[in-house]
Amino acid sequence: MAEEKVNYEKILKRWWGYDSFRPLQKEIIDSVCNGKDTLAILPTGGGKSLTYQVPAMVLDGVVLVVSPLIALMTDQVENLKKRGTRAVVLHAALSHNKIFDILEQAQYGAYKLIYVSPERLQSSFFLTRLQYINVSLIAVDEAHCISEWGYDFRPSYLKISDLRNSYPNIPVLALTASATPKVQKDICDKLKMSHYCHFQTGIERDNLYYVVRKTKDKDAELYKILTAVNGSSIVYTRTRQQAEQLSAILQKMGLSANFYHAGLDAFERTKRQTQWMEGKTQILCSTNAFGMGIDKPDVRIVVHYDIPDALEQYYQEAGRAGRDGKKSYAVLLVTESSLERLLHRHEQVFPPKDYVRNVYQQLANFFVIGVYSGEGGVFPFNLELFCQKCRLSYSQVQASLNILQWAGYITLVDEMENASKLKVTLPPSKLYDWRMAQPDNDPILEAFLRVYTGIFSDYQHISEDYIAKALGMERDKIYSHLVALSSQGIVDYIPFKRTPLIVYNTPRLIAEELFIPKAAYESRIEYLYERLLAMYNYVSAENECRSVLLAKYFGQQNPKPCGHCDYCLSKKKQHL
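Everything in this summary refers to the structure shown in the same document.

Thresholds, definitions, all that
Residues numbered from 1 in each chain as written. Predicted model: local features only at pLDDT ≥ 70, side-chain atom pairs only at ≥ 80, totals over all residues. Heavy atoms only, no water. Helix = DSSP H or I, 4+ residues; strand = E, 2+ residues; numbered from the N terminus. Rg over C-alpha atoms; globule rule 2.2 N^0.38 Å. Buried < 20%, exposed > 50% of the residue type's maximum accessible area, 1.4 Å probe, protein only. Areas by Shrake-Rupley, 256 points an atom, 1.4 Å probe, with all protein chains shown as cover. Lys, Arg positive; Asp, Glu negative; His and termini not counted. Charge placed at Lys NZ, Arg CZ, Asp CG, Glu CD. Axes fitted to C-alpha atoms, helices over the stretch in contact; angles between N-to-C directions. Left-handed = near helix turned anticlockwise from the far one by under 90°. Contact = heavy atoms within 4.5 Å. Nonpolar A, V, L, I, M, F, W, Y, C, P; charged D, E, K, R; others polar. Pairing = 2+ DSSP bridges.

**Considering the overall build of the protein chain**
Helix and strand content of the protein chain: 24 helices and 19 strands. The globule rule puts the C-alpha radius of gyration for 576 residues at 25 Å, and the 25 Å found for the protein chain is close to it. Relative to its 576 residues, the protein chain shows a buried fraction of 52%. On the protein chain, roughly 26,700 Å² of surface is accessible, and the fraction owed to carbon and sulfur atoms is 49%. Where the 68 positive side-chain charges of the protein chain centre and where its 63 negative ones centre are 3 Å apart.

Spelled out as structure tokens, the structure:
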């Protein structure tokens, strides 16, 4: 463990160039460096990553970082490498042999930080090799994902508790931007943190102006808001279709806008995100698939076109505005009809039990699983294709799958990464003739042949980003070239994708035998209704500061009015 008088500021200055820490960062670092389990609630942009990166420079051994955000982990590792810190991320583009080499090197002290996704913890190979590595700290980012009572529960996070069993004496740092007292307790229970230090900043953001705007014409109001504020913007919608339609409407109004949602392929999502990050697109209309892990400091406005299901979600998404400390806005658009529908939304989210049983039956038919068989089976799952084939509602099926998951029958891994794959389809002799006929001998294909030596005999996981960086080209050019080669029959190229998986935890039952316990249905309906009611009270409130309402919801004692939300400003006008 760390010595008592470690100069954390000196380490911060040497490796990151900062003179001082942000609020609570130093206290959190000191806690984990002295071997204490720690729960830290820091706002978006509050510098969570430094609370485990600085300890990596102090502690002997490796800091293991568990995060669902592949892009963010990759960016952090690249930035750490530039500063001379030995860090690595284990992602799907790496071959089995490469992962073996990394873990073997880590055994002998080659790395200070290893980043992994929670899905990696399902690999027995990884867990076995990890036992030979000196792990000094386990950092769990987006820790609210482990709570079944949280708004963003991810079953893969539950595997972290198994990891804790293997390292009972290693401190755990659980990090999140928002969690109610109930979710905080659940995080600590799931991570077996019986004795822990708790750090939490206030949720106040002096530069963020919360506004609830009631209107009869949301499109007109949205245009008015977006044209009144310069800078980058995010507009959150409930559905993919709505994101696409709203983007088209804004474009017709002459605004620089595009849409983003999980239905786009990985390449297109990356492209649109990059265009927005670089300021080439001003407005991004998106579902909640966008934003987590995005570090763009100059977002001036976040608009919620629809009312979110929970204040946790609203607070996290609104908090993506103004991370540079400059004046920014979080605007929630509300119509009378949307407010009325809010308190009945749980009826849509929780379909009748007979509907859930029917989805379970249709799922078995879809995968061709016989009665009392299929336990332990893992099946790639295309939700949209399933809904089309079975003629079922997308939202109702999604809700039914969640209920089946909570009941323990299945596990839904919603985004297991499958890296791009490439195989040369021409025999070596014909490929040689083809290459000789090319005027520039095709440097892109040449690079892939040089890096991935087994590409003739079988499909190889590849990284377009790695080749693009090596050749000094844009990733788009690498992608387009591989598509062209594939169409010519030179190679077979399977681009990167995220594949949802369904795992059967129990043998497939007859639908009538399916028992849905209270904890998976009635209790969750009650909890969802509580969250919807809290959201309703926030939106409809006319006599209290928005920031105070949020602070009370997250358990903060005696919060003070912000002085600049829509309520506070209207109150000031009344006293003029």
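More follows now that the structure is in view.
**Regarding unusual backbone geometry**
Phi is positive for Tyr-372, close to 65 degrees, though the residue is something other than glycine. Tyr-372 sits in the partly exposed class, given a relative accessible area of 48%. We note that Asn-558 has phi near 50 degrees; this positive angle belongs to a residue other than glycine. Assignment of secondary structure puts Asn-558 in the loop between helix H23 (546-553) and helix H24 (566-574).

**Some thoughts on the packing of helix H20 (residues 464-471) against helix H21 (residues 475-487)**
Interaxial distance between H20 and H21 falls to 8 Å at its minimum, and their mutual angle equals 115 degrees. Viewed along their axes, H20 and H21 form a crossing whose handedness is right-handed. When H20 is examined against H21, the residues Glu-464, Asp-465, Ile-467, Ala-468 and Leu-471 are found in contact with a partner set consisting of Arg-475, Ile-478 and Leu-482. Grouping the amino acids of the contact of H20 with H21 by side-chain chemistry returns five nonpolar, no polar and three charged.

**A closer look at the pairing of strand E16 (residues 421-424)**
Burial along E16 is one-sided: Leu-422 and Val-424 are buried, while Lys-421 and Lys-423, pointing the other way, are not. Note that E16 and strand E17 (residues 460-461) share two bridges and pair antiparallel. By the bridge assignment, Lys-421 is partnered in E17 with His-461.

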